[in-house]
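Spelled out, the chains give:
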Amino acid sequence: MSRLNCFIPGKEIEGIEEDFRSAQKIEQYRLGKAAIYIPEGFRWNYIPLQAITKADESFRVISGGHCIPIREKRPELDLVTESGTFHLQLEKEKSMRIVLDAIS
């Protein structure tokens, strides 16, 4: 397994590999007891749950079609930390609820 990279400098977690192995898969992300994991190619980055100061529900609108315009609303989570805001783009409302429950 490749090295896990922490998005928040100075908030690295000891033994994070074990948390990653036991993490629950939520769409393309993974949710552990200590962190949320975000894929980047063949690598994984993580945000410690303790470093998240605020989680806001958001939505993105996907437009498609040329003759008949189609607009689809998809859930998104904005995770606010001291290092900035991270956006988790999700497909299902249920996935957003699972992540929000774990953070609070």
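Residues numbered from 1 in each chain as written. Predicted model: local features only at pLDDT ≥ 70, side-chain atom pairs only at ≥ 80, totals over all residues. Heavy atoms only, no water.

Novice: Explain unusual backbone geometry to me, using residue names and the numbers behind them.
Specialist: Most peptide bonds take the trans form, and the phi angle of most residues other than glycine is negative. Unusually for a residue other than glycine, Glu27 sits at a positive phi of about 55°. One can find Glu27 in the loop between β2 (24-26) and β3 (29-31). (Helix = DSSP H or I, 4+ residues; strand = E, 2+ residues; numbered from the N terminus.)

Novice: Tell me about the nonpolar core, residues and numbers included.
Specialist: Core analysis: the biggest nonpolar cluster contains 27 residues, and Ile36, Tyr37, Ile47 and Leu88 have the highest contact counts within it. Of all the elements in the fold, those that place two or more residues in this core are β1 (4-6), α1 (16-21), β3, β4 (35-40), β5 (43-48), β7 (70-81), β8 (84-89) and α2 (93-103). Broken down by element, this core gets its largest block of residues, four residues, from β4. Apart from the residues within four sequence positions on either side, Ile47 is in contact with Phe7, Ile8, Ala34, Ala35, Ile36, Ile38, Ile52, Leu79, Thr81 and Phe86. (Core = buried A, V, L, I, M, F, W, Y, C linked by side-chain atoms within 4.5 Å. Buried < 20%, exposed > 50% of the residue type's maximum accessible area, 1.4 Å probe, protein only. Contact = heavy atoms within 4.5 Å.)

Novice: Kindly report on the pairing of β5, identifying the contributing residues and their values.
Specialist: Of all the six residues making up β5, five are buried; the element is thus mostly covered by neighbouring parts of the structure. The sheet contact formed by β1 and β5 spans three bridges and is parallel. When the sheet's bridge partners are listed, Asn5 is paired in β5 with Asn45. Bridge analysis of β4 against β5 gives six bridges, and the strand direction is antiparallel. Within β5, the position partnered with Glu40 by the bridge is Arg43. Taking the residues between adjacent antiparallel strands as the criterion, β4 and β5 are bridged by two residues, where Gly41 takes a positive phi near 65°. (Pairing = 2+ DSSP bridges.)

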